[in-house]
Amino acid sequence: MTAFSKLERLGFDPTIPNEARMYDYFVGGKDNFAADREAARRALEVAPELPILCREGRRFLDRAVRYLAGAGIRQFVDIGCGLPTQGNVHEVAQAAAPDSRVAYVDNDPVVVVHSQALLEDDKQTAVIEADMRDPDQILSHPRLTGLIDLDEPVAILLLFTLVIVPEDELVTRIVRRLRDAVAPGSHMVIAHSVSDPRPETTAKLAALYQDDGVVSGPRRDQLRTKADVERLFEGLSLVEPGVVYIPAWRPDPGDQPVAPESVWSVGGIGLKAP
C-alpha cells in the first residue's frame, strides 16, 4: 500500500489546510498541498514575520531539548510534533545522549505516515496517531507504553500545539492530565504564540485560521496572552528564566541577537518536583 493510498483510506482530505503543513511551507518544505499553500500565503499577508517565528521556534526546541538531556532526561514525548524537518527532537536528544527515546504524537495522518516511513528502522523512536485533546489515549497507547516508562522521569513537549485548541478549559485539562500522569522529576515544555506584542495582527490571524478551518471548535477572537501561558505551569517549578519570549530563553553564546518581543511567542520549562 502506498503512502497516499493509506492516507485515502484514513479519510485524509487535502482540500482542508493544516497547521503542520502550513508550517512546512513557511520553512521551505515540500510536504504541503495547494490548500495549505494558499492559506499560508494569506497568513503571510497578515504577518510576514511568520517564517522568523518558525525559525525561532526550532531554535527554542533545540535549546530546550539540549537542556533536558543535560538535566538527565532520556525520555521525550513530543505531542503535536508536525512534519519531520531538520533538528527533530530525537536528533537533538540523541546527539546529546545517544540512549534517549522519543515518542512522537500527532493527529494528522500525513504527519504520521511520513514520520513512520522515515523512522521505521529507529528502535528508539515511535510515532503515534492520537489527538492531544484526549491525553488518556496518548498515555495508554501501546506504542508509547512500549517505549516510554511513565514511572521514570520524562519530558512532555507541547510546542506551538495548544494554540490550535480554542477552549481554555480544555487546554488546562490537557496540561494538568499530562502533568499528573508523569513521574516526579519530569519536565513539561510549553511554547505558545501570544497576542501581547501584536494584538491587531494576532486577532486577524486567529480569524483567518478559523475561517480556513485550520483551527476547529468554538471561535475565539484572540490568541492567549503571556499571562495565560504562565498559568499553564501551575503545580510545576519553572526553570530559569521562566516563561519568556523564546529568543530570550537561554540563548546560545554567539546567537544573533533578536529583539525578544519581535517574536510573539513565549516558552518555558516546568519541573515536577521530585
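Fair warning: this is a prediction, and the values are worked out from it, not measured in the lab. (Residues numbered from 1 in each chain as written. Predicted model: local features only at pLDDT ≥ 70, side-chain atom pairs only at ≥ 80, totals over all residues. Heavy atoms only, no water.)

Visitor: Could you clarify how one ought to interpret the overall build of the chain in this entry?
Guide: Counting its secondary structure elements, the chain contains 11 helices and 8 strands. For 274 residues, the compact-globule estimate of 2.2 N^0.38 gives 19 Å, and the C-alpha radius of gyration of the chain, at 18 Å, lies within 12% of that figure. Seen along its three principal axes, the alpha-carbon backbone of the chain occupies a region of about 50 × 45 × 40 Å. For the chain, the exposed area adds up to about 12400 Å²; of that, 51% sits on carbon and sulfur atoms. Positive and negative side-chain charges in the chain, numbering 30 and 42 respectively, have mean positions lying 1 Å apart. (Helix = DSSP H or I, 4+ residues; strand = E, 2+ residues; numbered from the N terminus. Rg over C-alpha atoms; globule rule 2.2 N^0.38 Å. Areas by Shrake-Rupley, 256 points an atom, 1.4 Å probe, with all protein chains shown as cover. Lys, Arg positive; Asp, Glu negative; His and termini not counted. Charge placed at Lys NZ, Arg CZ, Asp CG, Glu CD.)

Visitor: Help me understand the packing of helix α3 (residues 34-46) against helix α10 (residues 199-211) in this model?
Guide: Helix-helix packing: each pair is described by the crossing angle between the helix axes and the interaxial distance. At their nearest, the axes of α3 and α10 sit 9 Å apart, and the two run at 165 degrees to each other. One element, α3, and the other, α10, form an angle in the roughly antiparallel class. Where α3 crosses over α10, the handedness of that crossing is right-handed. The segment α3 lies against α10, with Ala39, Arg42, Ala43 and Val46 engaging Thr201, Lys204, Leu205, Leu208 and Tyr209. Partitioning the contact of α3 with α10 into residue classes produces 6 nonpolar, 1 polar and 2 charged. (Axes fitted to C-alpha atoms, helices over the stretch in contact; angles between N-to-C directions. Parallel < 35°, antiparallel > 145°, perpendicular 65-115°, else oblique. Left-handed = near helix turned anticlockwise from the far one by under 90°. Contact = heavy atoms within 4.5 Å. Nonpolar A, V, L, I, M, F, W, Y, C, P; charged D, E, K, R; others polar.)

Visitor: Please clarify how the nonpolar core should be interpreted in this entry.
Guide: A general tendency of soluble globular proteins is for nonpolar side chains to be buried together. Membership of the largest hydrophobic core comes to 85 residues, with the highest contact counts inside it found for Phe76, Val77, Ile79, Leu158, Leu162 and Ile190. Contact partners of isoleucine 79, with chain neighbours within four places excluded, come to Val105, Met132, Ile138, Ile156, Leu157, Leu158, Thr161 and Leu178. (Core = buried A, V, L, I, M, F, W, Y, C linked by side-chain atoms within 4.5 Å. Buried < 20%, exposed > 50% of the residue type's maximum accessible area, 1.4 Å probe, protein only.)

Visitor: Quick question: what am I supposed to make of the packing of aromatic side chains here?
Guide: When we look at a pair of aromatic rings, we describe it by the centre distance and by the angle of the planes. Applying the stated criterion across every chain, the model contains 3 aromatic pairs. Judged by centre distance (6.0 Å) and plane angle (90 degrees), the ring pair of tyrosine 67 and tryptophan 249 falls under edge-to-face. Here tyrosine 67 is found in helix α4 (residues 50-70), whereas its partner tryptophan 249 is found in the loop between β7 (244-245) and β8 (265-271), with 182 residues between them in sequence. Residue class for tyrosine 67 comes out partly exposed when judged on its relative accessible area of 25%. A residue is classified by how much of its surface remains accessible, and tryptophan 249, at 0% relative accessible area, is buried. Put simply, the rings of Phe60, Tyr67 and Trp249 touch in pairs and so form one group of aromatic residues. The ring of tryptophan 249 carries arginine 250 above its face, with NZ or CZ at 5.5 Å from the centroid. (Phe/Tyr/Trp six-rings, centres within 6.5 Å; stacked < 30°, edge-to-face > 60°. Lys NZ or Arg CZ within 6 Å of the ring centre and 35° of its normal.)

Visitor: Which parts of the structure should I look at to understand the pattern of salt bridges?
Guide: Charged atoms that come close allow side chains of opposite charge to pair. Taken as a whole and judged by the stated rule, the model has 20 salt bridges. A salt bridge links aspartate 136 to arginine 177, with the nearest nitrogen and oxygen atoms 2.7 Å apart. With a gap of 41 residues between them, aspartate 136 in helix α7 (residues 135-139) and arginine 177 in helix α9 (residues 168-181) connect regions that are remote in the sequence. A relative accessible area of 34% places arginine 177 in the partly exposed class. Among the salt bridges present, the one from aspartate 228 reaches arginine 231, with a minimum N-O distance of 2.3 Å. Residue aspartate 228 and its partner arginine 231 are both found in helix α11 (residues 226-231); the two are separated by 3 residues, about one turn of the helix. Taking the relative accessible area as the measure of exposure, aspartate 228 reaches 22% and is therefore partly exposed. The exposed category is assigned to arginine 231, whose relative accessible area is 54%. In the salt-bridge network here, residues are joined through shared partners; they are Glu38, Arg41, Arg42 and Asp212. (Salt bridge = Lys/Arg side-chain N within 4 Å of Asp/Glu carboxyl O.)

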